[in-house]
Amino acid sequence: MGKDREHIDSLTQKEYEYGFITDIEMDMAPKGLNEDIIRFISAKKDEPDSMLRWRLKAYRYWLNMKEPTWAFVTYPPIDYQNIYYYAAPKKKEGPKSLDEVDPEILATFDKLGIPLEEREALAGVAVDAVMDSVSVATTFRKKLQELGIIFLPISEAIREHPDLIKKYLGSVVPPTDNFFAALNSAVFTDGTFVYVPKGIRCPMELSTYFRINAANTGQFERTLIVADEGSYVSYLEGCTAPMRDENQLHAAVVELIALDGAEIKYSTVQNWYAGDKNGKGGIYNFVTKRGVCHNHSKISWAQVETGSAITWKYPSLILRGDNSAGEFHSVALTNNRQQADTGTKMVHLGKNTRSTIISKGISAGYSNNSYRGLVKIGPGADNAKNYSQCDSLLIGDRCGAHTFPYLEVDNPTANVEHEATTSKISEDQLFYCNQRGIGTEEAIGVIINGYAREVFKRLPMEFAVEAQKLLTVSLEGSVG
Amino acid sequence: MLSIRNLKASIEGNHILKGINLEIHPGEVHAIMGPNGSGKSTLAHILAGKEGYIVEDGEVIFEGKNLLELAPEERAREGVFLAFQYPIEIPGVSNTTFLKTALNEIRKHRGLSELDAMDFLTLVRKRMKLVDMDPSLLGRPVNEGFSGGEKKRNEILQMAVLEPRLAILDETDSGLDIDALKTVANGVNSLKNKDNATLVVTHYQRLLDYLVPDYVHVLFDGRIVESGDKTLALELERKGYDWIKTKAGDSK
């Protein structure tokens, strides 16, 4: 028995693979948050006055809000005055091609295994590379322009498409929505804007790689995706971050809008630095993600969460339109001292709305992994249907898995199903694999990939491969 | 091929094996019989490297290597295969994925190239015929929802694909009806050649009607108390284990 415990320990104590720091001269605002900092950010971004007023309103609201405490996570109090709210690699103008990109940034991407050159060559993938809040390279933009698809850093979109921004920014997650959303609205520095015009099917997967790179720099990304009537878009978000000793706050907001008959697929692979095995350092990931579906539209969230010291994240959907559909497929893996409180909210307002929730939690080490989900059927949502399945897999016996499902049904015609299971990778299973020549590390990889297969199937092909590797890497180490 | 010398082992303070000696050469089929609790399964587990047992004395040499020093997966890659008495279920992992991963680990160890999906499926389909297994079981999760007979066939299928030097069958006959028993035994027989060996661990003689051993050993109270040819198994069947118990008692 003792030997297996050792196996599991060594497996689950692998150092973060992508831990390195890029040394780029930063253009920083002083630490702390006040109205001047917000004015500074807004000025840096060359924003219209209306945007500045929007930010200040959010900030003033935030001042009177309280940090939420209901999540099943614990962390020391965050000093919001001890954070840098603006940091950008020094560049006067955005680069027009890869040649103009700082070689050191390119080298960093190389280390991450996502060289831009390769990405650019990969047919069908456009990358809007975001490093520390400012876009350093944008590819495929031209091709998209021909179709009328807008795929821009949000700061550019704010300048170039003020009408769309005014109409949709904050329309799904208002600045007053919650503590972290308000903070994000006040200080967000960059992110992505996508607009797909009526009837257009975006021919490539859109992807953005986020990366936190400056010590003590809060990362406040803002993503807004609008799929106009009858259009389709698939968006990929993936991230890695370098090793740091001090906790870094990440409070992003993602808003999705699927107008009548539109479909949005939003896939995430999240691998922020999780802290060392004693729980020192790591990213605090407090994210608000929400989409709204109009008539006959569909939004699917697919996420693979392996990183961050703390994850607080509930990609949600408001099924406002009749006959709209929502999906949430999630794999959340926690190891060592990681804490994750993640899930989804499906709010059914329209008639004949359907939603599916598939959540697969994996806990190892001393970690805590919670699923928290709400299924709400409004009084007008005749014949709404929901199916939820929440599974937990435990590796070792010092980790925790928790499920907090909430159901609010205000319509008698609703059909709501919830299934939950908890299982454990047993010593017998590992021995069985060993006896067939499969080492323990590989065996755990095979087992968790089998367990999470239902979710991987939902990811775009190359993302699925990457995600599978990531799960194995997140748990592996030198087998003793 | 396999040389067990004075092997003594215990589990949680209980002495189970009290000095086992056994020589197995290539091309041979050995059967180990014995009453419940005599240590048959313990011997099979220790050879495969299952945790929880403490080897107190003796050694096991397999193909010139000290077997007890190798990790379970290394033993498997060297060619030791254990057909489990109770095959383990692995939800979510398809039989194909499991078996392909195993085969390629073993091939890598042997310096062979890994098989791609097509070559692998060709091989598996061929081997499945040996055990008359329903092809739909390939896509199903490992042993999950399999009947007792299907699980045992699946063990022999794995053996057929992995081609071990030494196959240890731990109570493979338990829970099988007579038709399944014949199928499984025929499968094992057809895999026999001059370079590999089989160690059959069983309580009953009936499997040995179809899987004919060259040698039969009777294990009692942690020791091999009697060895002989296949007629020993028939004698046991006729006289029962009490005969051995008395005999072992006399020799003490």
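First, a word on scope: everything that follows refers to the structure included in this document.

Rules used throughout
- Residues numbered from 1 in each chain as written.
- Chains lettered and ligands numbered in written order.
- Predicted model: local features only at pLDDT ≥ 70, side-chain atom pairs only at ≥ 80, totals over all residues.
- Heavy atoms only, no water.
- Salt bridge = Lys/Arg side-chain N within 4 Å of Asp/Glu carboxyl O.
- Buried < 20%, exposed > 50% of the residue type's maximum accessible area, 1.4 Å probe, protein only.
- Axes fitted to C-alpha atoms, helices over the stretch in contact; angles between N-to-C directions.
- Helix = DSSP H or I, 4+ residues; strand = E, 2+ residues; numbered from the N terminus.
- Left-handed = near helix turned anticlockwise from the far one by under 90°.
- Contact = heavy atoms within 4.5 Å.
- Nonpolar A, V, L, I, M, F, W, Y, C, P; charged D, E, K, R; others polar.
- Expected span 1.5 Å × (residues − 1).
- Pairing = 2+ DSSP bridges.
- Buried area = accessible area lost by both parts, 1.4 Å probe.

1. With respect to the pattern of salt bridges
Applying the stated criterion across every chain yields a total of 28 salt bridges over all chains. In this structure, the salt-bridge partner of A:Lys313 is A:Glu305, at a minimum N-O distance of 2.3 Å. Judged by relative accessible area, which is 2%, A:Lys313 ranks as buried. Exposure remark for A:Glu305: the relative accessible area of 2% places this residue in the buried category. Taking the shortest distance from any N to any O, the salt bridge between B:Lys194 and B:Asp195 comes out at 3.6 Å.

2. Concerning the packing of helix α3 (residues 49-63) of chain A against helix α9 (residues 179-187) of chain A
All names here are of chain A. α9 packs onto α3 with a crossing angle of 145 degrees between their chain directions and a minimal axis gap of 7 Å. With respect to the hand of their crossing, α3 and α9 are arranged in left-handed fashion. Contacts from Trp54, Arg55, Ala58, Tyr59 and Trp62 of α3 reach α9 at Phe179, Ala182, Leu183, Ser185, Ala186 and Val187. The class makeup of the residues in the contact of α3 with α9 is 9 nonpolar, 1 polar and 1 charged.

3. Describing helix α3 (residues 95-109) of chain B
Residue and element names in this part refer to chain B. Helix length check: α3, at 15 residues, gives a terminal C-alpha distance of 21 Å against a target of 21 Å (1.5 Å per residue), a fit within 8%. Three or more residues of α3 are buried, namely Asn95, Phe98, Leu99, Thr101, Ala102, Leu103, Asn104, Glu105, Ile106 and Arg107. Phi turns positive, to about 75 degrees, at Gly111, one or two residues after α3.

4. Section: the sheet that holds strand β3 (residues 29-33) of chain B
Residue and element names in this part refer to chain B. Pairing in this open sheet of 6 strands is mixed, and the strands run β6-β9-β10-β3-β11-β12 from one edge to the other. A single partner strand is all that each edge strand has here, and the edge strands are β6 (80-83) and β12 (223-228). Neighbour-to-neighbour, the strand axes of the sheet open up by a mean angle of 20 degrees, direction not taken into account. As defined by bridge partners, β3 adjoins strand β11 (residues 215-220) across 4 bridges and the pair is classed as parallel. When the sheet's bridge partners are listed, Ala31 is paired in β11 with Val216.

5. Brief notes about the interface of chain B and chain A
Facing the 32 residues of chain B at the interface are 21 residues of chain A. In this assembly, chain B packs against chain A so that about 2300 Å² is buried in total across both faces, 60% of it on carbon and sulfur atoms. Counting the contacts that link chain B with chain A gives 2 salt bridges. With a shortest N-O distance of 3.3 Å, B:Lys50 and A:Asp428 are connected by a salt bridge. Residue assignment for the side of chain B that touches chain A shows that the elements contributing at least two residues are α2 (72-78), β6, β7 (90-94), α3 and α5 (148-162) of chain B. Counted by class, the side of chain B that touches chain A contains 18 nonpolar, 7 polar and 7 charged residues.

6. What to know about the sheet that holds strand β4 (residues 53-62) of chain B
Residues and elements named next belong to chain B. With respect to topology, 4 strands assemble into an open sheet ordered β2-β1-β4-β5, the strand pairing being antiparallel. The open sheet has two free edges, formed respectively by β2 (14-24) and β5 (65-66), since each of these has just one partner strand. Helix α1 (residues 40-48) rests against β1 (2-11), β2 and β4 of the sheet, and its axis sits at about 110 degrees to β1.

7. Brief notes about the environment of A:Lys167
Residues and elements named next belong to chain A. With respect to the helices and strands, the residue Lys167 is situated in helix α8 (residues 162-168). Using a relative accessible area of 57% as the deciding quantity, one classes Lys167 as exposed. Each C-alpha atom of the pair Lys167 and Gly321 lies 18 Å from the other, and the pair is 154 residues apart in sequence.

Shape is all these values report; function is a separate question.
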